[in-house]
Every structure is written in structure tokens, then in C-alpha cells.
Amino acid sequence: MTNEPMLKVENLRKLYPVSKGIIGTLTRQPQLYVHAIDGVSFDIPRGEILALVGESGSGKTTTGLCTLGLTEPTEGNIHLEGENLADLSRARQQKALRRKAQIIFQDPYESLNPRQTVFQAVSEPLEVHHLASTRAEKIEKVTAALEAAGLKPPADFLHRYPQQLSGGQRQRVVIASALVLNPSYLVADEPVSMLDVSIRAEILNLLLNLRDEHNITMVYITHDLASAAYIADRVAVMYLGTIVEIGPAETVLDDPRHPYTKALMSVIPVPNPRQRKKRIVLKGETPNPIDLPTGCRFHPRCPEAIPSCSKTEPKLEDLGDNHQAACLLLKD
Ligand code: ATP
Ligand code: SF4
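Note that this is a predicted model, so its numbers are computed, not measured.

Asks: Outline the sheet that holds strand β6 (residues 101-104), listing residues and values.
Replies: Within a sheet, neighbouring strands are paired by backbone hydrogen bonds and run either parallel or antiparallel to one another. The eight strands are arranged β6-β7-β8-β3-β9-β10-β12-β11 in an open sheet whose pairing can be described as mixed. Taken across any chain shown, the strands that pair with only one partner, and hence form the sheet edges, are β6 and β11 (317-318). Where strand β3 (residues 49-53) meets strand β8 (residues 217-222), five bridges bridge the pair, whose relative direction is parallel. Residue Leu-52 lies in a different strand from β8, and its bridge partner there is Ile-221. The strands touched by helix α8 (residues 197-214) within the sheet are β3, β6, β7 (185-189) and β8, with β8 carrying the most contacts at an inclination of about 160°. Here helix α11 (residues 259-266) sits on the sheet in contact with β9 (234-239) and β10 (242-248), set at roughly 105° to β9.

Next up, the structure:
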């Protein structure tokens, strides 16, 4: 085993061109872009869970999709197990990735075809990749995946349809469909946000077990810092397409250094009123990702902004212990 990270992302950018419409084209208006990801770098050691947290539109899902080869980056490099995805042909990239990297989406109701049984849904990836030559082999692999996803005894679930399952059981079937290919890397995109609060912890514990038992590396995407604190080894906080703070989960969440992270942390409910922090209410809406603010892109909403914040763009500063944040106030 090497020390090479499972995933290495370097200076990733993803710009989506905005449609100009007929009038814009005829009047030769300049092409505008949505800056979905704007210079994101991180790496994840094998077996680690990195949470990407941030408000809607901060670029979490686009980052996850790029690492899976499901969205083509505009710039930057992604290395999965040491292999640069850009160096592989599209066909080879797809083939290599489909086996080792999988995604779990948030909505188990939409992820499953109501006309397929659990067996059909979970065995489909095996058929696509020609990974089971006999029906017996297929049953064996599907049964193992259902068991790993906590659907026990598996035989009780094989012939059920999604509508005969609870929300938590459906999400476990979705997870089993990912596990059946023995992936080494998983993107879990808001995997519990559509589930009843009472079963969220069960699914998070299942993901933790998969990491512990199968050494699966994970990107966990969420709006919810409390679930990130529960599951992640490290947390990367995203704002308008950039990482503004990254580090070990306890450090970032217990001692946030970026004003945006501080604001997110201040609104997490805590059971003990003595530990309750003063709520930081951010002013205004997230700026338009087509026309980004100058300098620090958080400055129009930042409660700690100083005059230079609208002119100078902060870079991630090293704060020790693998903790980094991008804020001009942290510069020496
Ligand atoms: P959410 O939590 O709502 O999913 P997110 O943090 O995952 O948000 P993304 O979905 O990655 O954010 O979106 C980042 C930005 O890119 C948003 O402004 C979004 O509108 C834009 N975007 C995403 N996909 C596309 C697309 N296919 N075409 C144009 N713009 C897109
Ligand atoms: Fe706020 Fe300025 Fe720091 Fe940006 S650089 S987070 S605006 S204080």
C-alpha cells in the first residue's frame, strides 16, 4: 500500500456558459459564465471521509461530480488512485471510474425504479460491467451487498419492490447498488436529507461502518454541519465555488476561523443552552455566481469585513495542524 492519496484535486474550475439568447447573440454580448467551482484543491487519504459543507449553490455537488468523471472540469486535475482522469480517454475513464467510484444521491425515491425488484436494481451494475457470469454468482454478490448495506436477512428483500420498503430501507438498497461493484471511492450527496430524522443516524452509522470495514474513501456532501461533525474526519467549507476553510472536523467545527464558518456554526442547535453561541445572521443573499464580488467573495455579507476585503482576494493560510482558512484577518 502506498501513501498516495486516494483522491487528489488540483485547482479545479468548472464554468458553465450562460445562454445569451437570440438578442444577446445578435447584439454580440460577451459570453458570461456561472462560476460553479473556482480553484478548488484538496486531497483525501485512503479510507478518510471528507465532508464538503456550505449553502446551496456553493459548488459541492459539482465538485463531487467532477471527481467521478460525471462532469468535465473546465480546468484543473483530478487524480484518483494516482491516475490523472484527464490522461485517460473518455471511454477508458468511464470504464475505470464506474467500477471504483460510485455516488449515492439524496433521494432514494427517485434513485430506484418502481418497476424493478431489489434484486433487479442491485444486480443491474453487475450486468452492465459483465461481472457475474451465472445467476448463482449474481445472487451471491447481490446478497453480500444487501447484507453489507444492513438489509438482513437479504433473502427477505430480494423480491420486494421499492414501494414495499421504508425510506431508510430504500436508501440502503441504493447503497447496496453502489457496494455491489466493490468501490474504493464513494460520493454521498446529502444521503440522509430526505430521510426521517429518526433513521438518519442509522444511515450515517452504516456509511461509517463501510469506511471502517471496507476502507472506502468518501466525500460526504451536506448543508448540515451537525451530520458532518458526526461522520467526517475532515471538513471543507465551501462558499461560492471556493474552499474557505478546511481541516480536521473537530478543529474546524470547534474552533472555526473563517467568518463564514463561524456564522454556519452559530446556527447549529445545541442541547445545552449554556453552550449556545450568539447567532450570527448573515446579511443579504449569496451573490450571483455569474458576477462575483471583487476581492474576498464573502465581503458583501461578512460581519468582520475591513476595507481591503473588497480589493484583495484572500488565499488559504496555514493555521497549523492541517487547518487552513482564507481570510485577510488571518494573515500575519
Ligand atoms: P446544492 O446544495 O443546492 O446542491 P451545491 O453546493 O451542491 O448546491 P452546485 O449544485 O454544485 O452547488 O452548483 C454550483 C453552482 O453551479 C450553482 O450556482 C448552480 O446553479 C450552478 N450549476 C450547477 N449545475 C449547473 C449546470 N448544469 N448548468 C449551469 N449552472 C449549473
Ligand atoms: Fe470577511 Fe474580509 Fe475575511 Fe473575507 S477576508 S472573510 S470579507 S474579513
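Asks: Can you tell me about empty space enclosed by the protein, naming the residues and giving the values?
Replies: Across all of its chains, the model carries three cavities of 30 Å³ or more by this definition. Taken as a whole, the largest cavity holds about 90 Å³ of empty space. Cys-296, Cys-302, Cys-309, Cys-327 and Leu-328 are the residues nearest the centre of the largest cavity, which is lined by 13 residues in total.

Asks: Tell me about the layout of surface pockets, and please be specific about residues and values.
Replies: Any empty space left between atoms is shown by rolling a water-sized probe over those atoms. Looking at the largest pocket, its volume works out to about 550 Å³. As for the largest pocket, its lining consists of 21 residues, and the residues nearest its centre are Gln-102, Ile-103, Pro-125, Ser-177 and Ala-178. Counting residues per element, the ones that place at least two in the lining of the largest pocket are β6, α5 (118-128) and α7 (167-179). Classifying every residue of the lining of the largest pocket gives 13 nonpolar, six polar and two charged.

Asks: How would you sum up the sheet that holds strand β1 (residues 7-17)? Please name residues and give values.
Replies: Spatial strand order, β2-β1-β4-β5: four strands in an open sheet with antiparallel pairing. The open sheet terminates on both sides in strands that have one partner only, identified here as β2 (33-44) and β5 (83-84). Two strands pair when backbone bridges link them, and β1 and β2 are joined in this way by nine bridges, in the antiparallel orientation. Each bridged residue has a counterpart across the sheet, and for Leu-7 the counterpart in β2 is Ile-44. Of the strands in this sheet, β1, β2 and β4 (75-80) touch helix α2 (residues 60-67), which is tilted by about 120° from β1.

Basis of the calculations
- Residues numbered from 1 in each chain as written.
- Chains lettered and ligands numbered in written order.
- Predicted model: local features only at pLDDT ≥ 70, side-chain atom pairs only at ≥ 80, totals over all residues.
- Heavy atoms only, no water.
- Pairing = 2+ DSSP bridges.
- Helix = DSSP H or I, 4+ residues; strand = E, 2+ residues; numbered from the N terminus.
- Contact = heavy atoms within 4.5 Å.
- Axes fitted to C-alpha atoms, helices over the stretch in contact; angles between N-to-C directions.
- 1 Å grid on protein atoms, 1.4 Å probe; cavity = no way out; pocket = protein on both sides within 12 Å on 5 of 7 lines; lining within 4 Å.
- Points joined across faces, edges and corners; volume = space filled by probe spheres on them.
- Nonpolar A, V, L, I, M, F, W, Y, C, P; charged D, E, K, R; others polar.

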